[in-house]
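Chain by chain, the residues run as shown.
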Amino acid sequence: MTSSFSDRSAGQPWHLKQPHLELDGKGAIFAPRSPSAERSKMIDTIEKEDPVISEEEAAQYDRQIRLWGLDAQKRLRGSRVLLAGLGGLGAEVAKNLILAGVKGLTLLDHEKVSEESCRAQFLVPVTARGQNRAQASLERGQNLNPMVKVHADQDRVEDKPDDFFLQFDAVCLTGCSRDLMVRVDQLCSKHNIKVFCGDVYGYYGYMFCNLGKEHNFVEEKPKLVKPTGSVGPEAKKAKVDPNETVMVKKTASFCPLKEALEVDWTTEKAKAGMKKTPVDYFMLHVLLKFRTDKGRDPDPQSYPEDSQLLRQIRDDVLEALEVSADLLNDEFISYCFSEMSPVCAVVGGVLGQEVVKALSQRDPPHRNFFFFDGRKGNGVVDYFGPN
């Protein structure tokens with residue numbers, strides 16, 4: 001199969017080679033409407049915008065426009081995102097969003113650069129120890145893509161008033177307490193703002209998203225065609241045309257974080273599905289409770305004390321949820337300390353991808369949790385909350 005990225009011959013700008021893209025007299029690229037252009041109709045019921053993009057942006061986002069289309073890139077370009085928490089995971093998410101080409105990204109973090117920050121966070125120079133993490137990440141972040149407006153905010157996310165969050169199209173929270181995530185999620189849900197949460201604990205990581213009660217998106221699928229000239233049962237079966245695709249409009253619904261974390265495990269339906277439930281969900285409850293009680297995550301410098309506390313919290317959490325005490329054994333305790341860069345890269349890649357998919361309204365989103373286990377090298381997507 002020939003890659004669609006390979007048409008770069010003779011030094012001619014790629015957009016002049018595309019039959020569905022043209023250059024106007026002002027140096028801007030647009031997609032003329034055509035009955036044969038499936039991509040130009042992909043957002044008929046979602047949000048019609050004038051698909052215009054500058055020549056400079058077309059060169060910058062060359063591969064992306066080829067991959068997910070001009071309309072999706074236009075939506076990304078018009079989106080403002082808040083990213084709270086500039087640890088290892090936050091750096092990965094920031095990198096992915098900046099390279100994708102959102103309109104603006106605000107980096108919010110009141111923490112100072114520590115030795116651990118320098119190990120897990122590639123946007124922070126090693127000479128920046130003691131500086132604010134958001135401010136120290138600004139220069140390298142901005143250099144990734146000058147077309148994105150990157151801003152650093154050194155305030156505490158807990159101190160921000162409600163109005164602050166309403167200026168964004170998506171809010172991504174990392175390293176935040178459960179109470180704060182629930183508060184921001186409830187606020188943003190009322191104003192149709194997309195919410196993402198994520199964290200990395202040693203070998204483990206997770207991502208949660210709430211895109212609202214009705215999230216519209218399109219999915220590209222192979223085109224089905226009816227065979228002609230044949231008789232018999234096979235003549236009635238539609239076949240896949242490998243050379244053509246169609247854009248299918250779909251809708252997905254999400255629930256608030258509070259409801260996703262407050263599943264009633266005493267119901268018969270919940271008990272029946274317990275065997276298929278990833279234990280990572282209950283581990284997340286334990287680690288969020290630890291953060292609430294101690295105001296921090298498990299610290300390798302306090303391993304003996306924190307390990308004992310994790311055992312106690314584990315027992316208390318499982319008892320409060322009314323699930324088996326054997327559900328989560330002691331093994332996880334040795335592997336949930338600090339941020340590991342490879343785990344940050346995986347979880348940050350998934351989290352960044354989900355933000356891009358949600359803002360561009362392209363492709364089905366993960367609904368609503370993604371859990372990653374670095375020890376096993378695998379991840380799982382599962383839904384928690386009311387159906």
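Preceding block: the structure.
Notes on the structure in this doc start here. Along each chain, the written sequence defines residue order, and numbers are assigned to residues from 1. With pLDDT at 70 or above as the cut-off, local features in this predicted model cover only qualifying residues; side-chain atom pairs require 80 or more to be listed or tallied, and sums for whole chains, interfaces and linings still use all residues. As a convention, hydrogens and water are excluded, and side-chain values are obtained from all of the structure's heavy atoms.

### Examining the packing of aromatic side chains
In this analysis, rings of Phe, Tyr and Trp, with Trp reduced to its six-membered ring, are considered paired at centre separations within 6.5 Å, and the interplanar angle assigns stacked below 30 degrees, edge-to-face beyond 60, and tilted for intermediate values. Using the criterion set out here, one finds 15 aromatic pairs in the structure. Measuring from ring centre to ring centre gives 5.0 Å for Phe208 and Phe369, while their planes differ by 50°; the resulting arrangement is tilted. Note that Phe208 is positioned in strand β9 (residues 204–210) and Phe369 in strand β12 (residues 369–373), a separation of 161 residues in sequence. Both residues of the pair, Phe208 and Phe369, count as buried. Between the aromatic rings of Tyr281 and Phe369, the centroid separation amounts to 6.1 Å while the plane-to-plane angle is 90°, which identifies the pairing as edge-to-face. A residue pair is termed long-range when its members are at least 10 positions apart, and Tyr281 in helix α12 (residues 280–294) and Phe369 in strand β12 qualify at 88 residues. We note that Tyr281, like Phe369, is buried. Think of it as a cone above the ring: NZ of Lys or CZ of Arg counts as a charge over the ring if it is within 6 Å of the ring centre and within 35 degrees of the ring normal. When the ring centre of Phe164 is taken as origin, the NZ or CZ atom of Lys160, which lies over that ring, is 4.3 Å away. Starting at the N terminus, helices and strands are each numbered in turn, a helix being any DSSP run of H or I of at least four residues and a strand any DSSP run of E of at least two. Burial classification: accessible surface area is computed with a 1.4 Å probe over protein chains only, and a residue below 20% of its type maximum counts as buried, one above 50% as exposed, and the rest as partly exposed.

### Details of the sheet that holds strand β13 (residues 378–382)
Within a sheet, neighbouring strands are paired by backbone hydrogen bonds and run either parallel or antiparallel to one another. The mixed open sheet is built from eight strands, whose spatial order is β6-β5-β4-β7-β8-β9-β12-β13. On the outer flanks of this sheet lie β6 (149–153) and β13, each paired with one strand and no other. Taken over all neighbouring pairs, the strand axes of this sheet differ in orientation by 15° on average, direction set aside. Note on pairing: two strands pair once DSSP finds at least 2 bridges between them. Alignment of strand β4 (residues 80–84) against strand β7 (residues 170–174), held across four bridges, turns out to be parallel. Counted as the bridge partner of Leu83 is Cys172 from β7. Each of β4, β7, β8 (194–201), β9 and β12 is contacted by helix α14 (residues 341–360), which is oriented at about 175° to β8, the strand it contacts most. Angles shown run from 0 to 180 degrees and are taken between the N-to-C directions of axes, each axis being a line fitted to C-alpha atoms and, for helices, limited to the stretch in contact. Residue contacts are defined here by distance: any two heavy atoms, one from each residue, within 4.5 Å place the two residues in contact.

### Overview of the packing of helix α4 (residues 70–77) against α14
α14 packs onto α4 with a crossing angle of 105° between their chain directions and a minimal axis gap of 8 Å. The angle between the axes of α4 and α14 places the two elements in the roughly perpendicular class. Residues Ala72, Arg75 and Leu76 of α4 form the contact with α14, whose own contacting residues are Val356, Leu359 and Ser360. Each residue receives one of three labels: charged for Asp, Glu, Lys and Arg, nonpolar for Ala, Val, Leu, Ile, Met, Phe, Trp, Tyr, Cys and Pro, and polar for the others, Gly being one of them. Residue composition of the contact of α4 with α14, by class: four nonpolar, one polar and one charged. Small angles under 35 degrees read as roughly parallel and large ones over 145 as roughly antiparallel, with 65 to 115 read as roughly perpendicular and the rest as oblique.

### Observations regarding empty space enclosed by the protein
The way it works is a 1 Å grid over only the protein atoms, where trapped points that fit a 1.4 Å probe form a cavity and open points with protein on both sides within 12 Å along at least five of seven lines form a pocket, and then any residue with an atom within 4 Å of a point lines it. Grid points are joined across faces, edges and corners, and a volume is the space filled by probe spheres set on the points. Within the structure shown, the criterion is met by two cavities of 30 Å³ or more. Quantified by volume, the largest cavity comes out at close to 70 Å³. Lining of the largest cavity is provided by Tyr201, Tyr204, Gly205, Tyr206, Asp280, Met283, Leu284, Leu287, Phe371 and Phe372. Looking at the lining of the largest cavity, the elements with two or more residues in it are β9, α12 and β12. By residue number, the principal contributor to the lining of the largest cavity is α12, which donates four residues. Of the residues that constitute the lining of the largest cavity, the class distribution is eight nonpolar, one polar and one charged.

### A short note on the environment of Phe165
Its place among the elements puts Phe165 in helix α8 (residues 162–165). With relative accessibility at 0%, the residue Phe165 sits in the buried group. Residues Phe165 and Cys188, spaced 23 residues apart in sequence, show a C-alpha to C-alpha distance of 7.4 Å. Setting aside residues up to four positions removed in sequence, Phe165 forms contacts with Leu82, Val157, Lys160, Val171, Arg183, Val184, Leu187, Cys188 and Ile193.

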